[in-house]
Amino acid sequence: MARYIIRRLLWTVVTLVIITAVAYFLFRVLPSGDPVRARAGKAPTQERLDAIRESLGLDNPWYQQLGDFLWNALHFDFGRSYISDAELRPLLLDALGATVWLVVGAAVVWLSVAFVVGTISALKRGKLPDRLAMGGALVGISAPVYWLGLVGLYLFATDIGKFHVFPGAGAYQDASGFFDRAWGMVLPWIVLAAAFSAVYARLLRGSLLETIEEDYIRTARAKGLPERTVIFKHATRSAVTPIVTALGVDIGLLIGGNAILTESVFNIPGLGRLSYDAIQRGDVATIQATVLFLAFFVCISALIVDLLYALIDPRVKYE
């Protein structure tokens, strides 16, 4: 197991280095505009262009630029925005805080709902509760997140909604304390969790139905164990393995900026909205930094998922 952990850690580092190098060359090849002119503004003099080029290190050979980029990325130093000249590291860390609030809270909601709905649906297979649960899950999967967000604001926001229940858009940004921020996130959590709850409920139902047919479950029942013990101690433990896999990837992607629609609808200053604003302004340095952030969280999530396998399912062995 120790050898496996070390091997996975090394492979994660190698993967991140490769992704960083690819991102560097990709953004240099794409016709995204000259970063020197983007920072210099309108009608710059040649002296100013040369000075900016030198300050960005763009007059160095490409291999030296790549080495500096890799070294700085290793220290989470992504330079400055080409447009606003703001330092990117504090900008990314501030946005990361808002995104983590959104994603972690939503994950707690969707896992709680999915576990209850998926288990009931599997145990009542083919009956009315199963059909209602899977029908509701299909609706949840089909509904776009931005549409759910707008409907949620129209119905339940305290400022523009028909029923004044939850804080509206921008509540998180205006809040100062822990509980105020949590309360401001309730509606975004519910909206983001809706689609994922549906997917995870269907995933858990399918996995649980497959696990219940295994020989060791029949053996457990033949020994006279209570049905509750058979389901929640033996069957569920194996059935959650695909859930852990999907959860790791989804959280990594969402933290890396894929929660952009939810953040835009609810005016949450997270990584998704930062990426969206950077794309609109053509700020290549900020886009590049958010791409690397996404790669980092996906790789770390995949690593954590692989390591959790052995703890969740003893049948999994790593050599």
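Parameters and conventions
- Residues numbered from 1 in each chain as written.
- Predicted model: local features only at pLDDT ≥ 70, side-chain atom pairs only at ≥ 80, totals over all residues.
- Heavy atoms only, no water.
- pLDDT = per-residue confidence, 0-100.
- Helix = DSSP H or I, 4+ residues; strand = E, 2+ residues; numbered from the N terminus.
- Axes fitted to C-alpha atoms, helices over the stretch in contact; angles between N-to-C directions.
- Left-handed = near helix turned anticlockwise from the far one by under 90°.
- Contact = heavy atoms within 4.5 Å.
- Nonpolar A, V, L, I, M, F, W, Y, C, P; charged D, E, K, R; others polar.
- 1 Å grid on protein atoms, 1.4 Å probe; cavity = no way out; pocket = protein on both sides within 12 Å on 5 of 7 lines; lining within 4 Å.
- Points joined across faces, edges and corners; volume = space filled by probe spheres on them.
- Expected span 1.5 Å × (residues − 1).
- Buried < 20%, exposed > 50% of the residue type's maximum accessible area, 1.4 Å probe, protein only.
- Arc of directions from axis to C-beta.

**What about the confidence of the model for the protein chain?**
Low pLDDT marks stretches whose predicted atomic positions should not be read closely. Summing up the model confidence of the protein chain, the mean pLDDT is 82 and the portion of residues at 70 or higher is 93%. The weakest mean pLDDT in the protein chain belongs to helix H2 (residues 35-40) at 71; the strongest belongs to helix H5 (residues 88-123) at 89.

**Thoughts on the packing of helix H10 (residues 186-212) against helix H12 (residues 227-239)**
Geometry of a packed helix pair, given as the angle between the helix axes and the separation of the axes. As a packed pair, H10 and H12 sit with axes 8 Å apart at the nearest point and diverge in direction by 120°. Where H10 crosses over H12, the two elements pack in a sense that is right-handed. Here H10 contributes Leu204, Ser207, Leu208, Thr211 and Ile212 to the contact with H12, which in turn contributes Ile231, Ala235, Thr236, Ser238 and Ala239. Along the lines of polarity and charge, the residues of the contact of H10 with H12 split into six nonpolar, four polar and no charged.

**Examining the layout of surface pockets**
Space left empty within the atom packing is revealed by a probe, the size of a water molecule, rolled over the atoms. There is about 490 Å³ of room inside the largest pocket. Lining of the largest pocket is provided by 21 residues; of these, Leu56, Phe69, Asn72, Phe78 and Gly79 occupy positions nearest its centre. Looking at the lining of the largest pocket, the elements with two or more residues in it are helix H1 (2-29), helix H4 (62-74) and helix H16 (284-312). In terms of residue count, H4 provides more of the lining of the largest pocket than any other element does, four residues in total. Taken together, the residues of the lining of the largest pocket break down into eight nonpolar, seven polar and six charged. Taken as a whole, the second largest pocket spans an internal volume of roughly 390 Å³. If you trace the second largest pocket, you find 16 residues lining it, with Leu16, Thr20, Ala73, Leu74 and Phe296 closest to the centre. At the level of elements, H1, H4 and H16 are the ones that each hand at least two residues to the lining of the second largest pocket. It is H1 that provides the largest number of residues to the lining of the second largest pocket, a total of six residues.

**As for helix H6 (residues 128-142)**
In this model, H6 (15 residues) spans 21 Å end to end at C-alpha, consistent with the 21 Å of a helix rising 1.5 Å per residue. Looking at H6, one finds that the buried residues are Asp130, Ala133, Met134, Ala137 and Gly140. Each buried residue of H6 lies within a common arc of 115° when the element is viewed along its axis, so the set occupies one face. In H6, the exposed positions angled more than 90 degrees off the buried face are occupied by Leu128, Arg131, Leu132, Leu138, Val139 and Ser142.

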